[in-house]
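Inside the fold
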Amino acid sequence: RMDVSALQADHVCWRTESLEEYEQLKSVLCSVGDECKLLIESEIGGRPISTFRLATAIECEEHSSVSVIEIPSPKEGSSYRSGLEHVEF
């Protein structure tokens, strides 16, 4: 077990299983107005990755929160299950 209580989370990364799921999730997050703002969509490693800022941060622990979520589309030829992939500090 790793103690991260003294660290501030930079972002959480949410994986998608397919390009279609990536596009759907990006569309939903872009449609919620001021609750979620697309900061950037870049091509990294030959695939799109979107980064969003949430108006209401996700509470992780009593004194820890994160307001940035990163959503990468899967790499071509790779298989990923949807879900939380990592938290970066």
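Report on the accompanying structure. In this text, all values refer to a predicted model and were calculated from it rather than measured experimentally.

**Re the overall build of the protein chain**
The secondary structure content of the protein chain amounts to one helix and five strands. When the helices and strands of the protein chain are listed from N to C terminus, the series reads β-α-β-β-β-β. In terms of overall dimensions, the protein chain has a C-alpha envelope of 35 × 35 × 20 Å along the principal axes. Out of the 89 residues belonging to the protein chain, those deemed buried represent 29%. Considering only residue pairs separated by 6 or more positions, the protein chain has 55% of its internal contacts joining residues 24 or more positions apart. Carbon together with sulfur atoms contributes 49% to the accessible area of the protein chain, which is approximately 6,300 Å² in total. If you average the places of the 8 positive and of the 17 negative side-chain charges in the protein chain, the two averages end up 3 Å apart.

**A few points about the packing of aromatic side chains**
By convention here, two paired aromatic rings are described through the distance between centres and the angle between planes. Within the structure shown, the criterion is met by zero aromatic pairs. Over the ring of Tyr80 we find Arg15, and its NZ or CZ is 4.2 Å from the ring centre.

Rules and cut-offs
Residues numbered from 1 in each chain as written. Predicted model: local features only at pLDDT ≥ 70, side-chain atom pairs only at ≥ 80, totals over all residues. Heavy atoms only, no water. Helix = DSSP H or I, 4+ residues; strand = E, 2+ residues; numbered from the N terminus. Buried < 20%, exposed > 50% of the residue type's maximum accessible area, 1.4 Å probe, protein only. Contact = heavy atoms within 4.5 Å. Areas by Shrake-Rupley, 256 points an atom, 1.4 Å probe, with all protein chains shown as cover. Lys, Arg positive; Asp, Glu negative; His and termini not counted. Charge placed at Lys NZ, Arg CZ, Asp CG, Glu CD. Phe/Tyr/Trp six-rings, centres within 6.5 Å; stacked < 30°, edge-to-face > 60°. Lys NZ or Arg CZ within 6 Å of the ring centre and 35° of its normal.

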